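Examining the three-dimensional arrangement
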Amino acid sequence: MANRIDRDQVKHVAELAKLEFTNDQLDALTPQLDEIIGLFESLSEVDTSNVEATSNVTDQINVMREDVADNWGQSEALLKNAPEAQDGYIMVPTIIDESED
């Protein structure tokens, strides 16, 4: 094993991810992650010099409709169901008050 990652690095990343591991779990996880990193490093050994760069592996083209705003009369019905509305908008209670009061 090449020791691409050590126990302290695994512990640090776990802390960043807000994960807690026991010492036994860290001891078991460290070689597993090292092996996974090794599998990704083995990809660098593949000769890709004659491979064309791709952004999509299928030949399907995504057909989308034109992005046009339509008002099908639904906004009035929506506003009728809102507890409070003003000027075509739904009024909601303030969650964060940044005033100096």
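Definitions and limits used
- Residues numbered from 1 in each chain as written.
- Predicted model: local features only at pLDDT ≥ 70, side-chain atom pairs only at ≥ 80, totals over all residues.
- Heavy atoms only, no water.
- UniProt positions renumbered as here; feature names shortened; annotations may be inferred.
- Helix = DSSP H or I, 4+ residues; strand = E, 2+ residues; numbered from the N terminus.
- Rg over C-alpha atoms; globule rule 2.2 N^0.38 Å.
- Axes fitted to C-alpha atoms, helices over the stretch in contact; angles between N-to-C directions.
- Parallel < 35°, antiparallel > 145°, perpendicular 65-115°, else oblique.
- Contact = heavy atoms within 4.5 Å.
- Buried < 20%, exposed > 50% of the residue type's maximum accessible area, 1.4 Å probe, protein only.
- Salt bridge = Lys/Arg side-chain N within 4 Å of Asp/Glu carboxyl O.

The name given to the chain in an unreviewed UniProt entry is Aspartyl/glutamyl-tRNA(Asn/Gln) amidotransferase subunit C, with the source organism recorded as Levilactobacillus spicheri. According to UniProt, the comment filed for the chain under the heading Sequence similarities (unreviewed entry) is "Belongs to the GatC family." Checking UniProt for the chain, the heading Subunit (unreviewed entry) contains the comment "Heterotrimer of A, B and C subunits."

Turning our eyes to something else, we now look at the overall build of the chain. Per the secondary structure count, the chain includes three helices and two strands. Along the chain, helices (α) and strands (β) appear in the sequence α-α-α-β-β when read from the amino end. Relative to the compact-globule value of 13 Å for 101 residues, the chain shows a C-alpha radius of gyration of 27 Å, a clear excess of over 25%. The dimensions of the chain, computed from C-alpha atoms along their principal axes, are 65 × 50 × 25 Å.

So, about the packing of helix H1 (residues 7-16) against helix H2 (residues 23-42). As a packed pair, H1 and H2 sit with axes 9 Å apart at the nearest point and diverge in direction by 105°. Between H1 and H2, the angle is such that the two are roughly perpendicular. Between H1 and H2, the contacting residues are Arg-7, Val-10 and Lys-11 on the first element and Asn-23, Leu-26, Asp-27, Leu-29, Thr-30 and Leu-33 on the second.

It is worth spelling out unusual backbone geometry at this point. Not every positive phi belongs to a glycine, and Lys-18 is a case in point at roughly 60°. With respect to the secondary-structure elements, Lys-18 resides in the loop between H1 and H2. For Lys-18, a relative accessible area of 72% translates into the label exposed. The phi torsion at Asp-87 lies on the positive side, around 55°, for a residue other than glycine. One can find Asp-87 in the loop between strand S1 (85-86) and strand S2 (89-90).

Attention shifts here to the pattern of salt bridges. On inspection of all chains with the given rule, the structure shows three salt bridges. Among the salt bridges present, the one from Asp-34 reaches Arg-4, with a minimum N-O distance of 3.6 Å. Of the two residues, Asp-34 is situated in helix H2 and Arg-4 in the segment before H1; the sequence distance between them amounts to 30 residues. A single network of salt bridges, built from pairs that share partners, joins Arg-4, Asp-34 and Glu-41.

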